[in-house]
Amino acid sequence: MRFAKGHGTENDFVILPDPDGALDLTPAQIAALCDRRAGVGGDGVLRVVRTKALGERLSADSAAVEACEWFMDYRNADGSIAEMCGNGVRVFARYLVRAGLVAGDVFEIGTRAGVRRVTIEDDGEITVDMGPVRLLGEGGAVLAGGPVRGARVSVGNPHLACAVPGPVAEVDLSAQPELDAAEFPEGGNVEVYRVLEPGTLEMRVYERGSGETRSCGTGIVAAAAAAAATPGAPGSDVWRVRVPGGECVVTLEAGTARLRGPAVIVAEGDVHLAE
Ligand SMILES: N[C@@H](CCC[C@H](N)C(=O)O)C(=O)O
C-alpha cells in the first residue's frame with residue numbers, strides 16, 4: 001500500500017492515504033509500521049480518511065467534525081488511539097495540500113478532539129487553531145524514581161507539564177513516567193520545561209504510547225499554557241518553545257491556542273502491512 005513519511009520538528013509520522021476507509025488497522029500493524037528497524041519508523045501513524053468513511057462514533061463536536069471532508073485518524077507508535085496530535089495535524093495538512101486533496105490556504109481537519117482549522121503561512125509554516133486549552137489543577141508523576149509536580153492540562157489530550165529548575169537536557173526521561181491513575185485515567189503525556197526568558201522556554205516530552213519524542217505539538221501548547229499561568233512568572237501570550245527537534249511558536253488567547261511550526265513530507269513509497 002502507498003505511504004508517505006513526514007515530520008514536524010522531528011516528531012515523525014507514517015502517513016497512510018485511505019480516503020474510502022478501507023483499512024482496518026490493528027495495533028500490531030501500527031506498531032510494525034512505526035518500528036524503526038523492521039518498519040518505516042515513526043512516532044505515530046496518520047491515516048488520511050474521508051470523515052464520512054470513518055465508521056467511528058465521535059464524541060467531540062461530532063456535527064462540526066462530520067462537516068470536515070478529511071479526518072486525521074491518529075495512532076501512537078504502540079497502536080493506541082489518541083484524540084489529537086499538534087505536530088501531526090500540521091503534517092497531515094501538508095500532505096493534503098501536496099496530494100491536491102484540499103484547495104486554498106485555510107481549511108479544516110476533523111480530529112477526535114474536534115475541528116482544527118489550519119492556515120498555510122506565506123513562509124510555508126503552518127498555523128493550527130488548537131481549540132480549548134484547559135488547566136485542570138496540579139498533578140504529580142514519578143520520573144526516574146523521583147516525584148515531580150506539574151500542571152494538568154488538556155489540549156484535547158491529557159498532559160502533565162512540569163517546570164524543572166535546570167536544563168531539560170539533564171532530566172532522565174529514559175523510563176515511562178508513572179502517573180496517578182486517578183488524575184490520568186486514560187494515561188497522559190509528560191512534559192518537562194524550563195523558562196529561559198519571558199516568552200521562551202525549552203521542553204522535552206515523554207509521550208503516552210510513543211515514549212520520548214523529539215517534539216510534541218500538544219505538549220508544547222500545554223507547557224506554554226502552564227508557564228503563562230504560573231503565579232509570579234513573567235506572563236506572556238506568545239511563547240517560543242524549543243524542543244530537541246526544533247522550535248514552534250504558541251499564541252495563547254482566551255482559553256485557546258494557536259500553534260505555528262514547520263511540517264515536511266520527506267518520502268513516499270509502498271509498504272507491506274504486517275499480517
Ligand atoms: N505528538 C503529538 C501527540 C500525540 C498523541 C499523544 N502521544 C497522546 O497519546 O496523547 C503532538 O504533536 O501533539
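Residues numbered from 1 in each chain as written. Predicted model: local features only at pLDDT ≥ 70, side-chain atom pairs only at ≥ 80, totals over all residues.

Per an unreviewed UniProt entry, the protein is named Diaminopimelate epimerase, and its organism is Marinactinospora rubrisoli. For the record of the protein, the UniProt heading Function (unreviewed entry) holds the text "Catalyzes the stereoinversion of LL-2,6-diaminopimelate (L,L-DAP) to meso-diaminopimelate (meso-DAP), a precursor of L-lysine and an essential component of the bacterial peptidoglycan." (UniProt positions renumbered as here; feature names shortened; annotations may be inferred.)

Caption draft 1: The arrangement of the domain arrangement of the protein in detail. When cut into domains, the protein gives domain 1 (2–124 + 262–270) and domain 2 (134–254). The interface of domain 1 with domain 2 comprises 19 residues on the first partner and 18 residues on the second. Residue composition of the side of domain 1 that touches domain 2, grouped by class: six nonpolar, nine polar and four charged. (Domains from an automatic or database assignment. Contact = placed C-beta atoms within 7 Å. Nonpolar A, V, L, I, M, F, W, Y, C, P; charged D, E, K, R; others polar.)

Caption draft 2: Structural detail: the UniProt feature "active site" (unreviewed entry) in the protein. In the UniProt entry, the feature "active site" (unreviewed entry) is given for Cys85 and Cys216. These annotated residues cover 132 residues of sequence, but their C-alpha atoms sit close together, with the largest distance between any two at 7.5 Å. Topologically, Cys85 is positioned in the loop between strand S4 (70–76) and helix H3 (86–98). If we skip the residues at most four places from it in the chain, Cys85 touches Gly44, Tyr74, Gly217 and Thr218. Classification of Cys216 as buried rests on a count of 35 C-beta atoms within 10 Å. (Helix = DSSP H or I, 4+ residues; strand = E, 2+ residues; numbered from the N terminus. Buried ≥ 20, exposed ≤ 12 C-beta atoms within 10 Å, placed from the backbone.)

Caption draft 3: Region of the structure containing the environment of Gly137. Inspection of the secondary structure puts Gly137 in strand S8 (residues 134–143). Exposure remark for Gly137: the 8 C-beta atoms within 10 Å place this residue in the exposed category. Placed 91 residues apart in sequence, Gly137 and Ala228 show a C-alpha to C-alpha distance of 14 Å.

Caption draft 4: Quick look at the site of the ligand. As a matter of local geometry, the ligand sits amid 18 residues, with Ala82, Asn87, Asn157, Gly217 and Thr218 nearest to it. Contributions of two or more residues to the shell around the ligand are made by H3 and helix H4 (217–229). With three residues, H3 is the largest single contributor of residues to the shell around the ligand. Looking at the shell around the ligand residue by residue, the class counts come to three nonpolar, 13 polar and two charged. Looking at the shell around the ligand, you find at least three residues from each of domain 1 (2–124 + 262–270) and domain 2 (134–254). (Near = placed C-beta within 6 Å.)

Caption draft 5: Examining the UniProt feature "binding site: substrate" (unreviewed entry) in the protein more closely. Under the UniProt annotation, the feature "binding site: substrate" (unreviewed entry) is placed at Asn11, Asn76, Gly86, Asn87, Asn157, Asn189, Glu207, Arg208, Gly217 and Thr218. Position of Asn76 relative to the elements: it lies in strand S4. Of the residues examined, Asn76 has 24 C-beta atoms within 10 Å and is grouped as buried. When sequence neighbours within four positions are dropped, the list of residues in contact with Asn76 reads Gly44, Ala82, Arg208, Gly209 and Ser210. Tracing the backbone through its elements, the reader meets Glu207 in strand S13 (residues 200–207). Glu207 sits in the buried class, given 27 other C-beta atoms within 10 Å. Setting aside residues no more than four positions away along its own chain, Glu207 makes contact with Asn189, Thr213 and Cys216.

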